[in-house]
Amino acid sequence: TCALPISEGVPHHQFDAVYAAGDPAWVIGRVQPVVETMLERGWIDQGPVLDVGCGTGENLVEIARRRTDLSIVAVDSVVSAIERARRQVELAGLDERVSLEVLDLRRAIPEGPFGTVLDAGVLHVFSDEDRRGYLERIASVLAPGGRYHAVVFSDAESRPGGPRRMSREELGRVLAESGLQVESIEDTRYLTTSMQDGARALLASAGRPIPGS
């Protein structure tokens, strides 16, 4: 059996330590295929876009390249990750439309409103208490009709390593409790260098209701 983080989440200090030791397993050197799927579906067509936990920036660079009409705000708690993401953005000539910020998402979130919030691997690292406040803040910065897309490890993934796992029921419940309207939850894969075939994951899409609709 493997000891996985459950209600306590992943200790926050571990992220600085993991980056200091080298590339974390989630830094795969390219956009996550699940993010490409969202782009192809038109799920990231409404701006501005907020990329939470952007890491070294592969996802946000691909979004900015393919959605030339959108501005993007990207945040991460690790200084070295933001520095690497900023270099990628500058090399791609996208710095006029992309802003980056070091931010602890357990405590704060950029001011909205945002048409789209991308969370590719953040929600599943929080403790129960931290994720409650985090999702409430997500809901508060979404524009009416805006959408939040989250990728989390699924409880169907039994291999060791990585963050806590979430079931469909738990994911749907915590999104609904934050005031978001769950639109879909489906199986997907999240690629890492330690699980090259991809960790079994869930992709959820939820929206902020439009008043009166």
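Refer to the structure above for everything that follows.
So, a few notes on the structure that sits alongside this text.

Rules of the game
- Residues numbered from 1 in each chain as written.
- Predicted model: local features only at pLDDT ≥ 70, side-chain atom pairs only at ≥ 80, totals over all residues.
- Heavy atoms only, no water.
- Phe/Tyr/Trp six-rings, centres within 6.5 Å; stacked < 30°, edge-to-face > 60°.
- Lys NZ or Arg CZ within 6 Å of the ring centre and 35° of its normal.
- Core = buried A, V, L, I, M, F, W, Y, C linked by side-chain atoms within 4.5 Å.
- Buried < 20%, exposed > 50% of the residue type's maximum accessible area, 1.4 Å probe, protein only.
- Helix = DSSP H or I, 4+ residues; strand = E, 2+ residues; numbered from the N terminus.
- Contact = heavy atoms within 4.5 Å.
- Pairing = 2+ DSSP bridges.
- Axes fitted to C-alpha atoms, helices over the stretch in contact; angles between N-to-C directions.
- Arc of directions from axis to C-beta.
- Parallel < 35°, antiparallel > 145°, perpendicular 65-115°, else oblique.
- Left-handed = near helix turned anticlockwise from the far one by under 90°.
- Nonpolar A, V, L, I, M, F, W, Y, C, P; charged D, E, K, R; others polar.
- Polar contact = N/O pair within 3.5 Å; in protein donor to acceptor, adjacent residues only side chain to side chain.

Regarding the packing of aromatic side chains
So, step 1. Considering all chains together, one arrives at two aromatic pairs under this definition.
So, step 2. Note that Arg41 overlies the ring of Trp43, its terminal NZ or CZ placed 4.9 Å from the centroid.
So, step 3. Above the ring of Trp43, the side-chain terminus of Arg147 is found at 5.0 Å from the ring centroid.

Considerations on the nonpolar core
So, step 1. Ranked by size, the top nonpolar core spans 36 residues in total, and within it Val52, Leu105, Tyr134, Tyr148 and Leu171 carry the most contacts.
So, step 2. Where this core is concerned, the elements lending two or more residues are α1 (13-21), β1 (49-52), β2 (72-76), β4 (114-120), α5 (128-141), β5 (142-153), α6 (168-177) and β7 (199-207).
So, step 3. Per-element accounting of this core gives the leading share, five residues, to α5.
So, step 4. Look past the residues within four positions of Tyr148 in its chain and what remains in contact with it is Val117, Asp119, Leu123, Tyr134, Leu135, Ile138, Leu142, Leu175, Leu180, Ala204, Ser205 and Ala206.
So, step 5. Membership of the second largest hydrophobic core comes to 31 residues, among which are Leu70, Val89, Leu94 and Leu203.

Regarding the sheet that holds β2
So, step 1. Strands sit in the order β3-β2-β1-β4-β5-β7-β6 across an open sheet of seven strands; the sheet is mixed. Across the chains shown, the open sheet's two edge strands, defined by having one partner strand only, are β3 (98-102) and β6 (181-190). Adjacent strand axes in the sheet meet at a mean angle of 15° when their direction is disregarded.
So, step 2. Bridge count for β1 against β4 is four bridges, and the pairing is parallel. Within β4, the position partnered with Val52 by the bridge is Asp119.
So, step 3. Along the sheet, α6 contacts β5, β6 and β7; its crossing angle with β6, the most-contacted strand, is approximately 140°.

Remarks on helix α2 (residues 33-41)
So, step 1. Of the residues making up α2, those classed as buried are Val34, Val35, Met38 and Leu39. With its buried residues spanning 150° around the axis, α2 presents them on a single face.
So, step 2. For α2, the secondary structure elements touched by its buried residues are α3 (58-66), β4, β5, β6 and β7.
So, step 3. A positive backbone phi angle near 80° is found at Gly42, which sits one or two residues after α2.

Remarks on the environment of Pro209
So, step 1. The topology assignment puts Pro209 in the segment after β7.
So, step 2. For the pair Pro209 and Thr116, spaced 93 residues apart in the sequence, the C-alpha separation amounts to 13 Å.
So, step 3. In contact with Pro209, other than residues within four places in its own chain, are Pro144, Gly145, Gly179 and Gln181.

Quick word on the side chain of Arg164
So, step 1. With respect to the secondary-structure elements, Arg164 resides in the loop between β5 and α6.
So, step 2. A relative accessible area of 3% places Arg164 in the buried class.

A closer look at the packing of α2 against α3
So, step 1. Remark: α2 packs on α3, axes separated minimally by 10 Å, with the N-to-C direction vectors making an angle of 20°. Relative to α3, α2 is oriented roughly parallel. As α2 packs across α3, the resulting crossing turns out to be right-handed. From α2, Val35, Glu36, Leu39 and Glu40 reach across to α3, where they touch Asn59, Glu62, Ile63 and Arg66.
So, step 2. Here the contact of α2 with α3 is composed, by residue class, of three nonpolar, one polar and four charged.

A short note on the side chain of Glu157
So, step 1. Residue placement: Glu157 occurs in the loop between β5 and α6.
So, step 2. Among the residues examined, Glu157 registers a relative accessible area of 4% and is labelled buried.
So, step 3. Beyond its immediate chain neighbours, meaning those up to four positions away, Glu157 contacts Arg165, Met195, Gly198, Ala199 and Arg200.

Examining the environment of Arg164
So, step 1. Residues Arg164 and Leu123 lie 41 residues apart in sequence; the distance between their C-alpha atoms is 9.6 Å.
So, step 2. A polar contact is formed between the side chain of Arg164 and the backbone oxygen of Phe126, at a distance of 2.7 Å.
So, step 3. A distance of 2.8 Å separates polar atoms of two side chains, one belonging to Arg164 and the other to Asp128.

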